[in-house]
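# Residue-level structure breakdown
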Amino acid sequence: MHSTPSIDTHVHIRSGTTDAALIHAQMMEAGVSCIRSAGSRDGTDLSLGSMSIIPTGRALCAHHDAHGKLFGTGVTMQAEIEDAIQRNISGGAQTVKAFACGIVNLSRGNCDLQEGLSQEQLQWVMRAANAHDVPVMIHANGDAIATVIDAARKAPSSVPVSIEHGFFMEEDWLRRMHDTGIAWTPTVAALERGARNDTQRRNANAIIVQHLQMIAAASRIGVQVTMGTDAVLPNAHYATCVQKERQYLCDAGVSEEALYSGALAVMGRFKDMYIDE
């Protein structure tokens, strides 16, 4: 039994989903009071925004980012970025999502850093989000984490900024994240679920060991950590996803109270719409 409410700050809504009641039922089964969408292919989450689903709409990604374009809109110029954010917010988005790199390649055990938005483009994202007073979540792994931190330092913002996934994290980056006020959603179990063969499972396990060490370091340093499953909803196994992610974070030394506090922080001005404290 969990005395502190669970908030899942990184999920995806399956394209074409219209059954919000099913998602709510699966959330209740998992003990989750609120979820934050990390983008949906066709903006489905915008039509499902409710008192427990924080919508994001289509994410922003580089035109050459194949994975990012599964969830978002390819952008290059500042005007494109501002227009894409304006369209999402006009449709009801309460978070801006952007990709700073590609996904973790479990067959190679590394990440494609060539597919994300540049530091300058990320600065445009942060400035535009700040103008609308809307939080920012950025998909970043490896060296892309440093790119996000540098962008945040060059485009100071009053809205929350969080790094999503953050695989191949380094302790120095965590200190800089703390100093810059950037939160972290580590999505540990998602990497484990993504492994499809023995090589991928070995690589995933090795990456997770290092990931948990960095999560423990983040807790010591004071970086705000949130729980994000990266599950695609509806999902009959959602409760298992939540249980697994919660356990990983607990094992790394992050308390449920700290996870809850981190989740409230990344909601920014919208938290009072979803949380009755």
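Please refer to the structure placed before this passage.
About the thresholds
- Residues numbered from 1 in each chain as written.
- Predicted model: local features only at pLDDT ≥ 70, side-chain atom pairs only at ≥ 80, totals over all residues.
- Heavy atoms only, no water.
- Pairing = 2+ DSSP bridges.
- Helix = DSSP H or I, 4+ residues; strand = E, 2+ residues; numbered from the N terminus.
- Contact = heavy atoms within 4.5 Å.
- Axes fitted to C-alpha atoms, helices over the stretch in contact; angles between N-to-C directions.
- Core = buried A, V, L, I, M, F, W, Y, C linked by side-chain atoms within 4.5 Å.
- Buried < 20%, exposed > 50% of the residue type's maximum accessible area, 1.4 Å probe, protein only.
- Arc of directions from axis to C-beta.
- Right-handed = clockwise from strand over helix to strand, strands pointing away.

### Section: the sheet that holds strand E12 (residues 231-233)
Spatial ordering of the open sheet is given by E3-E2-E1-E12, a layout of four strands whose pairing is parallel. A single partner strand is all that each edge strand has here, and the edge strands are strand E3 (53-54) and E12. Here strand E1 (residues 6-13) pairs with strand E2 (residues 32-37) via four bridges, running parallel. Across the sheet, residue Val 11 finds its bridge partner in E2, namely Ser 37. Helix-sheet contacts for helix H10 (residues 238-251) involve E1, E2 and E12, and the interaxial angle to E1 is about 125°.

### Quick look at the nonpolar core
When a protein is soluble and globular, its nonpolar side chains tend to lie buried together. Within the largest apolar cluster, 87 residues are counted, with the highest numbers of intra-cluster contacts made by Ile 35, Leu 60, Val 125, Leu 174, Met 177, Trp 184 and Tyr 238. Residues within four places of Ile 35 in sequence aside, it is in contact with Asp 8, Val 11, Ile 13, Ile 23, Met 27, Ser 52, Ile 53, Ile 54, Leu 233 and Tyr 238.

### A closer look at the side chain of Thr 9
In this fold, Thr 9 is placed in strand E1. Once you skip the residues sitting within four places of it in the chain, Thr 9 turns out to touch Arg 36, Met 137, Glu 164, Thr 185, Thr 226, Met 227, Gly 228, Ala 263 and Val 266.

### Some details on the environment of Arg 193
Looking at the secondary structure, you find Arg 193 in helix H8 (residues 188-194). Overall, the relative accessible area of 33% leaves Arg 193 in the partly exposed class. Note: C-alpha distance between Arg 193 and Cys 241 (48 residues apart in sequence) is 9.1 Å.

### What to know about helix H7 (residues 171-180)
Buried within H7 are the following residues: Trp 173, Leu 174, Arg 176 and Met 177. Along H7, the residues classed as buried sweep out an arc of 165° about the axis, all on the same side. Its buried side turned inward, H7 meets helix H6 (143-154), strand E10 (161-165), strand E11 (182-185) and helix H9 (198-221). In the stretch just after H7, Gly 181 is the one whose phi turns positive, near 80°.

### So, the side chain of Gln 121
Counting through the fold element by element, Gln 121 comes out in helix H5 (residues 119-132). Under the relative-accessibility criterion, Gln 121 is labelled buried at 12%. Those residues within four positions of Gln 121 in sequence are excluded, and the remaining contacts are Val 75, Thr 76 and Ile 81.

### Comments concerning the pairing of E2
The buried fraction of E2 amounts to five of the six residues, a majority that puts the element mostly inside the structure. Handedness of the crossover joining E1 and E2 through helix H1 (residues 20-30) is recorded here as right-handed. Sheet topology places E2 next to E3; two bridges connect them, and they run parallel. The partner of Ile 35 across the bridge, within E3, is Ile 53.

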